[in-house]
Amino acid sequence: MTYRRLVAGDGETARTVFALMADAFEVGGVTAHVLPMTRTPSSELFFYDIAVHADWRRRGIGAGLVGALRDAAADIGITDVFVAADNEDMHALDFYRAIGGDGAAVTIYTFSER
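A brief structural summary.

## Concerning a nonpolar patch on the surface
Here is step 1: A surface patch of nonpolar side chains, amounting to about 310 Å² of accessible area, comprises Met1, Tyr3 and Trp56.
Here is step 2: With respect to the secondary-structure elements, tyrosine 3 resides in the segment before α1 (11-23).
Here is step 3: The exposure class assigned to tyrosine 3 is partly exposed, which follows from its relative accessible area of 31%.

## Structural notes on the nonpolar core
Here is step 1: The biggest cluster of nonpolar side chains holds 13 residues, and the ones touching the most others in it are Phe47, Ile50, Ile61, Leu65 and Tyr96.
Here is step 2: Of all the secondary structure elements, the ones that give two or more residues to this core are β2 (43-52), α2 (61-75) and α3 (90-98).
Here is step 3: It is α2 that contributes the most residues to this core, five residues altogether.
Here is step 4: Those residues in contact with leucine 65, other than ones at most four positions away along the chain, are Tyr3, Gly28, Gly29, Val30, Ile50, Ala51 and Val52.

## Describing the packing of aromatic side chains
Describing an aromatic ring pair means giving the distance of the ring centres and the angle of the ring planes.
Here is step 1: A complete count under the given rule lists four aromatic pairs for this structure.
Here is step 2: For the ring pair phenylalanine 47 and tyrosine 96, a centre distance of 5.8 Å and an interplane angle of 70° mean the geometry is edge-to-face. Within this pair, whereas phenylalanine 47 is found in strand β2, its partner tyrosine 96 is found in helix α3, the two being separated by 49 residues in sequence.
Here is step 3: Of note, arginine 59 hangs over the ring of tryptophan 56, and the distance from its end group to the ring centre comes to 4.7 Å.

## Here we look at the side chain of aspartate 10
Here is step 1: Considering the arrangement of structural elements, one finds aspartate 10 in the segment before α1.
Here is step 2: Here the side chain of aspartate 10 touches arginine 4 through a polar contact of 3.2 Å, side chain to side chain.
Here is step 3: When sequence neighbours within four positions are dropped, the list of residues in contact with aspartate 10 reads Arg4 and Arg5.

## A closer look at the layout of surface pockets
Here is step 1: Computed from the structure, the largest pocket encloses a volume of approximately 1,000 Å³.
Here is step 2: In this structure, the largest pocket is lined by 28 residues; those nearest its centre are Val83, Ala84, Ala85, Asp102 and Gly103.
Here is step 3: Among the secondary structure elements, those contributing two or more residues to the lining of the largest pocket are β2, α2, β3 (81-82) and α3.
Here is step 4: The biggest single contributor to the lining of the largest pocket is α2, with four residues.
Here is step 5: Taken together, the residues of the lining of the largest pocket break down into 16 nonpolar, eight polar and four charged.

## Here's the deal with the sheet that holds strand β1 (residues 28-36)
Here is step 1: Within the open sheet, the three strands sit side by side as β1-β2-β3. Their pairing is mixed. The sheet is open, and its two borders are formed by β1 and β3, each paired with just one other strand.
Here is step 2: As judged from the two bridges shared by β2 and β3, these two strands associate in the parallel manner. Its bridge partner being in β3, phenylalanine 46 is matched across the sheet by phenylalanine 82.
Here is step 3: Here α2 sits on the sheet in contact with β1, β2 and β3, set at roughly 160° to β2.

Rules and cut-offs
Counting of residues starts from 1 at the beginning of each chain's written sequence and follows it residue by residue. Predicted model: local features are reported for residues with pLDDT of at least 70 only, side-chain atom pairs are reported and counted for 80 or more only, and whole-chain, interface and lining totals are derived from all residues. Derived side-chain values reflect all non-hydrogen atoms in the structure, with water molecules and hydrogen atoms excluded from consideration. Each patch is built from residues lacking any salt bridge and having more than 30% relative accessible area; the joining distance is 9 Å for like charges and 5 Å for nonpolar side chains (Val, Leu, Ile, Met, Phe, Trp, Tyr). Shrake-Rupley sampling with a 1.4 Å probe provides the accessible areas, and residues are treated as covered by the protein chains on show and by no other component. We count a salt bridge whenever a side-chain nitrogen from Lys or Arg sits within 4 Å of a carboxyl oxygen from Asp or Glu. The secondary structure listing takes helices from DSSP runs of H or I that are at least 4 residues long and strands from runs of E that are at least 2 residues long, numbered from the N terminus. Partly exposed describes any residue whose relative accessible area lies between the buried limit of under 20% and the exposed limit of over 50%, with all areas from a 1.4 Å probe on protein chains only and scaled to the type maximum. What makes a nonpolar core is a set of buried Ala, Val, Leu, Ile, Met, Phe, Trp, Tyr and Cys residues whose side-chain atoms join them at distances within 4.5 Å. Contact definition: two residues touch when any of their heavy atoms are within 4.5 Å. Stacked, tilted and edge-to-face pairs are distinguished by plane angle, under 30 degrees for stacked and over 60 for edge-to-face with tilted covering the rest, among Phe, Tyr and Trp rings (Trp via its six-membered ring) whose centres lie within 6.5 Å. For a lysine, the NZ atom is tested; for an arginine, the CZ atom; a charge sits over a ring if that atom is within 6 Å of the ring centre and within 35 degrees of the ring normal. Two N or O atoms count as a polar contact when they lie within 3.5 Å, although within protein this holds only if one can serve as hydrogen donor and the other as acceptor, and sequence-adjacent residues are included solely when both atoms are side-chain atoms. A cavity, in this analysis, means grid points on a 1 Å lattice covering only the protein atoms where a 1.4 Å probe fits yet has no way out; a pocket is instead an open set bounded by protein on both sides within 12 Å along at least five of seven lines, and a residue lines either one if it has an atom within 4 Å of a point. Grid points are joined across faces, edges and corners, and a volume is the space filled by probe spheres set on the points. In this classification, the charged set is Asp, Glu, Lys and Arg, the nonpolar set is Ala, Val, Leu, Ile, Met, Phe, Trp, Tyr, Cys and Pro, and all remaining amino acids, among them Gly, are polar. If DSSP finds at least two bridges between two strands, the strands pair. Angles shown run from 0 to 180 degrees and are taken between the N-to-C directions of axes, each axis being a line fitted to C-alpha atoms and, for helices, limited to the stretch in contact.

Don't take any of this as a statement about function, it's just geometry.
So, in structure tokens, the structure goes:
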């Protein structure tokens, strides 16, 4: 299995990964956003979504994706990585706990179109 960070020029691969996020391709992908902090000179990484094709689940691919994401973050000096999961999404909660995540009680407010 190969894990790699997409960079400028990887548009076609990015489109394929995003199509997976919408549901379908060979194996899996993860999207994340670097968030510069205002209170410190550091940044945090928010990983927004992760998907593994149903035929490839339970083989360590999701854990590998998160591990590769954390390694890429560490390579650019980011040590704080976080993800939000709906409390009703037991599969996601179980997965994040299984790969060593610590849950934190937070409330997220969503603002929809006016």
